[in-house]
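Overview (structure and organization)
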Amino acid sequence: MFGPLIVKPAKSKGSKTGSWRVKLRPEFLKKNCIGCKLCISVCPEACIQGKDKETIKINYEYCKGCGLCSVICPKSDILMLEEESKGDKK
Ligand code: SF4
Ligand code: SF4
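Residues numbered from 1 in each chain as written. Chains lettered and ligands numbered in written order. Predicted model: local features only at pLDDT ≥ 70, side-chain atom pairs only at ≥ 80, totals over all residues. Heavy atoms only, no water.

Observations regarding the site of ligand 2
The criterion, for reference: Throughout this document, a residue counts as near a molecule or strand when at least one of its heavy atoms sits within 4 Å of that molecule or strand. Amino acids outside the nonpolar list (Ala, Val, Leu, Ile, Met, Phe, Trp, Tyr, Cys, Pro) and the charged list (Asp, Glu, Lys, Arg) are all regarded as polar, and Gly is one of them.
In the region of ligand 2, 13 residues are neighbours, and C33, C36, K37, C39 and C73 sit closest. Here the shell around ligand 2 is composed, by residue class, of 10 nonpolar, 1 polar and 2 charged.

What follows is the structure in structure tokens.
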């Protein structure tokens, strides 16, 4: 008999997503950003870094595509785009 399957949850910083990220990925428009850093604060993977619209960037190796950064942005400066419609900026 097999017992219950227990799957250990992955740790944030230790989990590269690589190609399995959900099919949406965030793109910074870099138009209306005010540098509030809410996107940085809310990202569960801590994969956004920077200080202002010129320097903020996402490490797509760790991004899960959850969309929280896009939802929280007060200036609607982060769009969630389908993977196929972006230019890969890894
Ligand atoms: S989509 Fe989610 S994981 Fe990716 S950068 Fe935004 S908040 Fe972080
Ligand atoms: S949440 Fe939006 S306005 Fe604030 S730093 Fe991030 S991109 Fe800029």
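Back to the text.
Some details on the pairing of strand β1 (residues 24-28)
Applied cut-off: Whether a residue is buried, partly exposed or exposed follows from its accessible area with a 1.4 Å probe, protein chains only, as a fraction of its type maximum: under 20%, in between, or over 50%, in that order. Numbering of helices and strands runs from the N terminus, with a helix taken as a DSSP run of H or I at least four residues long and a strand as a DSSP run of E at least two residues long. Should DSSP find at least two bridges between two strands, the strands are taken to pair.
Of all 5 residues that make up β1, 4 are buried, and the element is covered over most of its length. Pairing of β1 with strand β4 (residues 78-82) involves 5 bridges; the strand directions are antiparallel. Looking at the pairing, R25 lines up with L81 of β4.

Observations regarding unusual backbone geometry
Phi angles above zero are rare outside glycine, and K30 is one such case at about 60°. Structurally, K30 can be placed in the loop between β1 and α1 (38-42). We note that S76 has phi near 50°; this positive angle belongs to a residue other than glycine. Topologically, S76 is positioned in the loop between α2 (68-72) and β4.

Regarding the site of ligand 1
Taken together, the neighbourhood of ligand 1 is formed by P26, C43, P44, E45, C47, I48, C63, K64, G65, C66, G67 and C69. Tallied by class, the residues present in the shell around ligand 1 amount to 8 nonpolar, 2 polar and 2 charged.

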